[in-house]
Amino acid sequence: MQRNLRLYPWYVGLFHAYFWLPIYFLFFNSKLDLSDVLYLESIYFFSVVILEVPSGWFSDTFGRKHTLVTAAIFLCIAYALFLIADSFEFFAVAQVFLAGGIAFNSGTDTSLLLETTQALNEEEIYAAEEAKATKFNFLGTASAGLLGGIAAIPNFRGAYVLSFVGAIVLLWISLRFTEPSQRKKEDR
């Protein structure tokens, strides 16, 4: 359980390291018409909305760790697809996987932290641990914006290469988490 506390801020920081954020619109628009780019955004937002409830059910049913692993896998697939995308259809499928990664992480990460502190009988540290993770979130987002922009100078896909590498590391981190609810059951 202590490992969860050590890994959690890194997970949050890396999850929010959207290297693609400063360039995605330019990248999409370099490959597609403006109307298709806007349609891709609607596909993303529609997919997030549709996947929010099933991802919460998945998290409650199969556990926080499995849900975060699934989120990381979805992100790996999304970024791999963005790297090879050359048509609207490829971009659309990548957007759905990106939405899946975002939706499956949503709320599950903080639930993992809360349940970890509960399993350790240290619920009073939850706020401090979440604050530390928020700091990593902001640092990850800021650093990724800068690095993603630099990586995209020679080619827009450079930002997606960084995102793909980040998603692989995110998968590795999420595989190292311990499921708190299973631990609580074992303690009974």
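Caption draft 1: Inspection of the layout of surface pockets at higher detail. Roughly 160 Å³ of internal volume is contained in the largest pocket. Of all the secondary structure elements, the ones that give two or more residues to the lining of the largest pocket are α1 (2–15) and α7 (126–151). The leading source of residues in the lining of the largest pocket is α7, at 6 residues. Of the residues belonging to the lining of the largest pocket, the class tally is 8 nonpolar, 3 polar and no charged.

Caption draft 2: Summary view of the packing of aromatic side chains. The final tally for this structure, using the stated rule, is 23 aromatic pairs. Residues Phe-28 and Phe-82 carry aromatic rings whose centres are separated by 5.7 Å and whose planes lie at 25° to one another, so their mutual orientation is stacked. In this pair, Phe-28 sits in helix α2 (residues 24–31) while Phe-82 sits in helix α4 (residues 64–84), placing the two residues 54 residues apart along the sequence. Across the pair, Phe-82 and Phe-28 agree in class, each one buried. Between the aromatic rings of Phe-74 and Phe-104, the centroid separation amounts to 5.2 Å while the plane-to-plane angle is 90°, which identifies the pairing as edge-to-face. Here Phe-74 is found in helix α4, whereas its partner Phe-104 is found in helix α5 (residues 88–105), with 30 residues between them in sequence. Given a relative accessible area of 22%, Phe-74 falls into the partly exposed group.

Caption draft 3: Quick peek at the nonpolar core. Ranked by internal contacts, the top residues of the largest apolar core, which has 46 residues, are Phe-28, Tyr-79, Phe-82 and Tyr-160. Where this core is concerned, the elements lending two or more residues are α1, α2, α3 (34–62), α4, α5, α6 (108–119) and α8 (157–176). Ranked by residue count, the leading element in this core is α4, at 9 residues. When neighbours within four sequence positions are excluded, Phe-82 is seen to be in contact with Phe-27, Phe-28, Phe-91, Ala-94, Gln-95, Leu-98, Arg-157 and Tyr-160.

The rules behind these values
- Residues numbered from 1 in each chain as written.
- Predicted model: local features only at pLDDT ≥ 70, side-chain atom pairs only at ≥ 80, totals over all residues.
- Heavy atoms only, no water.
- 1 Å grid on protein atoms, 1.4 Å probe; cavity = no way out; pocket = protein on both sides within 12 Å on 5 of 7 lines; lining within 4 Å.
- Points joined across faces, edges and corners; volume = space filled by probe spheres on them.
- Helix = DSSP H or I, 4+ residues; strand = E, 2+ residues; numbered from the N terminus.
- Nonpolar A, V, L, I, M, F, W, Y, C, P; charged D, E, K, R; others polar.
- Phe/Tyr/Trp six-rings, centres within 6.5 Å; stacked < 30°, edge-to-face > 60°.
- Buried < 20%, exposed > 50% of the residue type's maximum accessible area, 1.4 Å probe, protein only.
- Core = buried A, V, L, I, M, F, W, Y, C linked by side-chain atoms within 4.5 Å.
- Contact = heavy atoms within 4.5 Å.

In short, shape yes, function no, at least from these values alone.
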